[in-house]
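What follows is the residue order along each chain.
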Amino acid sequence: MPDAAPPLTPKRQEIADAALRLIGRKGIAALTMAALAEELGVTPGAPFRHFASRDEILEAVSQRVEALIGETFPSEELPPLARLEHLFLARASTVGKHAGIARLVFSEQFSLALPPSASARLHRLVKRTRASILDALKEASETGAIRRDIPAEALLTVVVGALQHLVFLGAMASDQARPEAAQEAFQVLIQLLTPTQSKTSEHP
């Protein structure tokens, strides 16, 4: 489905980024024109010079989320575990810097408060993320890089759950979301995914 939203000009991006910061601190419901103008340090009517409505601003916010998250997807040329690591660490870092992303994606307001096209854009991001992780897990399983006794689809739940927990901590500004903690969490995840050694009999 083609994206009918106009590209973001520098000024529209600045306003979208301010809206994303506001959402990160207070949630979607707090995004009013008055609050946005205060965040930008401008008069209440200034955002309307660039957007016709609040929905248009939310549309632009979803475009910014799409752009920021899009930068975290790994190159398909990387080995599967390297792709997982890249996505895991880059995603945790990006959401840690932009708490509004977690507020949008993990909130019950996701589908209710956003315009339909903006909601659909974020749904596509979620589906693309799951597909990217699942492809890496399947390839890693086929090559023996990770355990084969559990289907990749089941491991997907574990990996996505760990990633969601990490980015949630980032959104909450938790110390556990510091960059080194993300690396530690990924290493624990790899230990869980590593093939178990076959038990050898004590009496051959």
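Source: prediction; values computed, not measured.

1. Notes on the overall build of the chain
Stage number 1. Helix and strand content of the chain: nine helices and zero strands.
Stage number 2. Taken over 204 residues, the chain has a buried fraction of 42%.
Stage number 3. Across the chain, every contact between residues at least 6 apart in sequence was considered, and the portion connecting residues at least 24 apart equals 65%.
Stage number 4. Roughly 11200 Å² of accessible area belongs to the chain as shown, and the carbon and sulfur atoms make up 56% of that amount.

2. Let's talk about the nonpolar core
Stage number 1. Residues Val 61, Val 65, Leu 104, Ile 133 and Leu 137 are the most contacted members of the largest nonpolar core, which totals 51 residues.
Stage number 2. Of all the elements in the fold, those that place two or more residues in this core are helix H1 (10–26), helix H2 (33–40), helix H3 (54–70), helix H4 (80–97), helix H5 (99–105), helix H7 (116–142), helix H8 (152–171) and helix H9 (179–193).
Stage number 3. The residues contacting Val 61, other than those within four sequence positions of it, are Ala 16, Ala 19, Leu 20, Ile 23 and Leu 104.

3. Comments concerning empty space enclosed by the protein
Stage number 1. Scanning the model with the defined rule gives one cavity of 30 Å³ or more in all.
Stage number 2. A volume near 30 Å³ is recorded for the largest cavity.
Stage number 3. Lining the largest cavity are Leu 84, Leu 87, Phe 88, Ile 133, Val 159, Leu 163 and Phe 186.
Stage number 4. Of all the secondary structure elements, the ones that give two or more residues to the lining of the largest cavity are H4 and H8.
Stage number 5. Here the lining of the largest cavity gets three residues from one element, more than from any other, and that element is H4.
Stage number 6. For the lining of the largest cavity, the residue count by class is seven nonpolar, no polar and no charged.

4. Considering the layout of surface pockets
Stage number 1. If you add up the space inside the largest pocket, you get close to 300 Å³.
Stage number 2. Contributions of two or more residues to the lining of the largest pocket are made by H3, H4, H5, H7 and H8.
Stage number 3. For the lining of the largest pocket, the element with the most residues is H7, which contributes six residues.

5. Topic: the packing of aromatic side chains
Stage number 1. Evaluated as defined, the whole model comprises one aromatic pair.
Stage number 2. Summarising the aromatic geometry, the rings of Phe 88 and Phe 186 are spaced 5.5 Å apart at their centres and angled 50° between planes, so their arrangement reads as tilted. A residue pair is termed long-range when its members are at least 10 positions apart, and Phe 88 in helix H4 and Phe 186 in helix H9 qualify at 98 residues.
Stage number 3. On the basis of relative accessible area, Phe 88 is assigned to the buried category, the value being 2%.
Stage number 4. The class for Phe 186 is buried, based on a relative accessible area of 3%.
Stage number 5. Across the ring face of Phe 73, the terminal group of Arg 91 is positioned such that the distance to the ring centre comes to 5.0 Å.
Stage number 6. The ring of Phe 73 carries the charged tip of Arg 128 above its face, separated from the ring centre by 3.7 Å.

Rules of the game
- Residues numbered from 1 in each chain as written.
- Predicted model: local features only at pLDDT ≥ 70, side-chain atom pairs only at ≥ 80, totals over all residues.
- Heavy atoms only, no water.
- Helix = DSSP H or I, 4+ residues; strand = E, 2+ residues; numbered from the N terminus.
- Buried < 20%, exposed > 50% of the residue type's maximum accessible area, 1.4 Å probe, protein only.
- Contact = heavy atoms within 4.5 Å.
- Areas by Shrake-Rupley, 256 points an atom, 1.4 Å probe, with all protein chains shown as cover.
- Core = buried A, V, L, I, M, F, W, Y, C linked by side-chain atoms within 4.5 Å.
- 1 Å grid on protein atoms, 1.4 Å probe; cavity = no way out; pocket = protein on both sides within 12 Å on 5 of 7 lines; lining within 4 Å.
- Points joined across faces, edges and corners; volume = space filled by probe spheres on them.
- Nonpolar A, V, L, I, M, F, W, Y, C, P; charged D, E, K, R; others polar.
- Phe/Tyr/Trp six-rings, centres within 6.5 Å; stacked < 30°, edge-to-face > 60°.
- Lys NZ or Arg CZ within 6 Å of the ring centre and 35° of its normal.

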